[in-house]
Every structure is written in structure tokens, then in C-alpha cells.
Amino acid sequence: MAERGSLDLLGPSTKRAVAAVMAGTPPEEAGATGDTNGAAMRIAPVGIAFALNPPPSLNPPPSLNPPPSPDPPPSPDQLSTLVDRVVAASRVTHNTGLALAGAAAVAAAVSAGVSGAGIAGATALAIDAARIGADRGRWVAGADVAARIEWATGLVRGRTQAEAAELIYTLVGTSLATQESVPAAFAVLAAVPDDPWHACLLAASLGGDCDTIAAMAGAIAGACHGVTAFPPEAIAVIDAQGLDLAALADDLYALRSRPCR
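Everything numeric in this text was worked out from a predicted model, so none of it was measured.

*Asks:* Before we go on, may I ask you to explain the overall build of the chain in this structure?
*Replies:* Summing up its helical and strand segments, the chain has 14 helices and zero strands in all. When its helices and strands are written in sequence order, the chain yields α-α-α-α-α-α-α-α-α-α-α-α-α-α. Residue burial in the chain is summarised as follows: out of 261 residues, 50% are buried. Counting contacts in the chain only where the partners sit at least 6 residues apart, residues at least 24 apart contribute 75% of the total.

Encoded structure:
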């Protein structure tokens, strides 16, 4: 990434972990201090690929349009297994209970959304997953992510978007701290539960680490509502980058035929 001029795209936890590995630290130890939001920001593919329950059909809907009815609620064992996948994907850079709680929340919400859950149901599952994730990895000081998601979503529910933005920025926080930005993303979704595009716009307008907050909120809202809920012109901008993300998403969805065990 340094050769490509993209080193500044790495967050502080990832930079530290990469430097540690290059200096000879075993990968399983490199993420021992990683507590920021990079794991939560990039965890959506795990939520797409791993179902908490097998979907009713093994044929993926086009570009992640959710099935018409949600799957039955996951068992605690299934949710714990999904968190195992989150830990496996994150521990080299973010092997702390704080970061893993945030990543588990986002992954569980995405997985639930793809299976047909709405924003409220996905958020409830995210809180449960965050509680499990908090007990994984190394302990670091920080506010409880699950409790802050629950508090932040209640704080903004029923508020106007302007009121919600002010409350999120001043009280929930929008820094790269996991315990701020992950609850902020869920607060955005509580404020704008029915319009994923406006949720992304609200998140991106918050200030602070708003691109990461928008990425998390957009991933969950997109999983719950499907790609057709976004304006075609916004999708066209992404498609123009040549990344073929729709095909990637469908390939990830195809992995959901293998239930978590």
C-alpha cells in the first residue's frame, strides 16, 4: 500500500498490527491493542457469507435483495459461531473485546438483514452479538458497545434527522473509537429506518469518522432493504469504478448455503 500511495487508508490499529508483523510479532499477537473501528467497518462480507440460519432457498436473490420473510431467530450457538467467524477475520489487527464487539454487531446485523430482518430486528441481534464479542480477544478499557448501541438507538428514535444528527455528534460521538462510531451507525439507522440512501447521507454528514459510520450504516441498511432501495444514479457511480461489487456480493451470498456450525 505504501508503494501505491495508499498507506493513509489504513487506520491506526491496522497500521500498528502491520508494523508489528513486519517486525516479527506473531500474527496472533499483533492485534492485541487494536481497539478502533476498522474491524467493524470491513466486516460486512462475513455477515453476507455466513447465515445464522440456512436461507429458505439456496438460489441467491439478485444482488442481495432480501427474501420476503425472515428466517427463524438464531440460536445462541449459531450467533456465537458467527462471532467466531468475526474473530477469525479480525484478530490479526483488532484482537480486543472492544473492537470485536463492534465488528460482531455489524456482522450480525448484516447477516440478519440479508435473511430478511428489518432494521429493528437486525439491531436487536447486533446487541446480542456485541455482548458475545466483548468476551473475545484481549481486554481493553472502553465503554460497553452493546449497551451503547441500545442507548444510542433509543436516544434518537422519533427525532427529526437534524435533531438526530446533533445528538449523535454531541452525545454518541463520531470518532474512530469503536464504542462511538458503531453505536453512531446504529443510531443513524434508528433515525432513518426506512430509507437506506438517506441513512447513508445522514451518516456521511455527521463529521468525525463519518465515512466509516456511513459504510457501516449503509451495509446494514442495504442488507435489510436490498439494492433496489438505493437510487440508480448512486449505484451507477459505484458501478463506474469497475469493481463489480454486485457479482462479489452474489458470490458471498452463495456461501450462505453452508450454515454456521
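That covers the picture; the talk isn't over yet.
*Asks:* Could you clarify how one ought to interpret the side chain of Thr36 in this entry?
*Replies:* Looking at the secondary structure, you find Thr36 in the loop between α2 (27-30) and α3 (38-41). Discounting chain neighbours no more than four positions away, the residues touching Thr36 are Pro12, Ser13, His94, Ala99, Leu176 and Thr178.

*Asks:* When you look at the nonpolar core in this model, what are you seeing that I'm missing?
*Replies:* Burial of nonpolar side chains together is a common tendency in soluble globular proteins. If you look at the biggest cluster of nonpolar residues, it comprises 71 residues, and the most contacted ones within it are Val106, Val156, Val182, Phe186 and Ile220. When residues of this core are assigned to their parent elements, the largest contribution, 13 residues, is made by helix α6 (residues 97-114). Contacts of Ile220, omitting those with residues within four sequence positions, involve Val106, Ala109, Val110, Ile119, Phe186 and Leu189.

*Asks:* Can you walk me through the layout of surface pockets in this structure?
*Replies:* To find the voids left in a structure, one rolls a probe of water-molecule size over its atoms. The computed volume of the largest pocket comes to approximately 1500 Å³. Along its surface, the largest pocket is lined by 43 residues, and Ala215, Gly218, Ala219, Ile238 and Leu245 are the ones closest to its centre. Listed by contribution, the elements that provide at least two residues to the lining of the largest pocket are α1 (12-22), α3, α4 (44-49), α6, α11 (196-204), α12 (210-225), α13 (232-239) and α14 (245-254). It is α12 that contributes the most residues to the lining of the largest pocket, eight residues altogether.

*Asks:* Which parts of the structure should I look at to understand unusual backbone geometry?
*Replies:* Excluding glycine, residues mostly have negative phi values, and the peptide bonds linking residues are mostly trans. Within the chain, Asp244 stands out as a residue other than glycine whose phi angle is a positive 55°. Tracing the backbone shows Asp244 in the loop between α13 and α14. The exposure class assigned to Asp244 is exposed, which follows from its relative accessible area of 54%.

*Asks:* How should α14 be read in this particular structure?
*Replies:* For the α-helix, the turn length of 3.6 residues means that residues three or four positions removed from each other point alike. Within α14 the residues assigned to the buried category are Ala249, Leu252 and Tyr253. Seen from one end, α14 has its buried residues packed into an arc of 100°, which puts them on one side. At its buried positions, α14 is contacted by α4 and α6.

*Asks:* Mind showing me how you'd approach a nonpolar patch on the surface here?
*Replies:* A cluster of nonpolar side chains, Ile238, Leu243, Leu245 and Leu248, forms an exposed patch at the surface whose accessible area comes to about 370 Å². With respect to the helices and strands, the residue Leu248 is situated in helix α14.

*Asks:* What am I meant to see in the confidence of the model for the chain here?
*Replies:* Detailed reading of predicted coordinates is not advised where the pLDDT is low. The predicted model of the chain averages 87 in pLDDT, with 87% of residues at 70 or higher. In this model residues 54-62 is a low-confidence stretch, pLDDT under 50, and it forms 15 contacts with partners more than four residues away in sequence or in other chains.

*Asks:* Help me out: how do you make sense of the pattern of salt bridges in this one?
*Replies:* Side-chain pairs of opposite charge can arise whenever the charged atoms involved come near each other. What the rule picks out here adds up to three salt bridges. In this structure, the salt-bridge partner of Arg136 is Asp84, at a minimum N-O distance of 2.6 Å. One end of the pair, Arg136, is in the loop between α7 (119-133) and α8 (145-156); the other, Asp84, is in helix α5 (residues 76-90), with 52 residues separating them in the sequence. The partly exposed category is assigned to Asp84, whose relative accessible area is 37%. In this structure, Arg131 and Glu150 form a salt bridge, with 3.5 Å as the shortest nitrogen-oxygen distance. Here Arg131 is found in helix α7, whereas its partner Glu150 is found in helix α8, with 19 residues between them in sequence. The class of Glu150 is partly exposed, set by a relative accessible area of 46%.

Calculation criteria
Along each chain, numbering runs from 1 in the same order as the chain's sequence is written. Note on the predicted model: pLDDT of at least 70 is required for a residue's local features to be given, and 80 or more for side-chain atom pairs to be given and counted; whole-chain, interface and lining totals, by contrast, use all residues. Side-chain metrics rest on all non-hydrogen atoms present in the structure, leaving aside hydrogens and water. Numbering of helices and strands starts at the N terminus; helices are DSSP runs of H or I of at least 4 residues and strands are runs of E of at least 2. Exposed residues in this analysis have more than 50% of their type's maximum accessible area, buried residues have under 20%, and partly exposed residues fall in between, with area computed by a 1.4 Å probe over protein chains only. In this analysis, two residues are considered to be in contact whenever any of their non-hydrogen atoms come within 4.5 Å of each other. To define a nonpolar core, start from buried Ala, Val, Leu, Ile, Met, Phe, Trp, Tyr and Cys residues and group those joined through side-chain atoms within 4.5 Å. Here a cavity denotes grid points, spaced 1 Å and computed from the protein atoms alone, that fit a 1.4 Å probe unable to get out, and a pocket denotes an open set having protein on both sides within 12 Å along at least 5 of 7 lines; residues with an atom within 4 Å of a point are the lining. Grid points are joined across faces, edges and corners, and a volume is the space filled by probe spheres set on the points. Directions are taken from the helix axis to each C-beta atom, and the arc is the one they span. Residues with no salt bridge and a relative accessible area higher than 30% make up the patches, which join like charges within 9 Å and nonpolar side chains (Val, Leu, Ile, Met, Phe, Trp, Tyr) within 5 Å. Only the protein chains shown count as cover for residues, and all accessible areas are computed by the Shrake-Rupley method using a 1.4 Å probe. We define a salt bridge as a side-chain nitrogen of Lys or Arg found within 4 Å of a carboxyl oxygen belonging to Asp or Glu. For every residue, the predictor states its confidence as a pLDDT score lying anywhere from 0 to 100.

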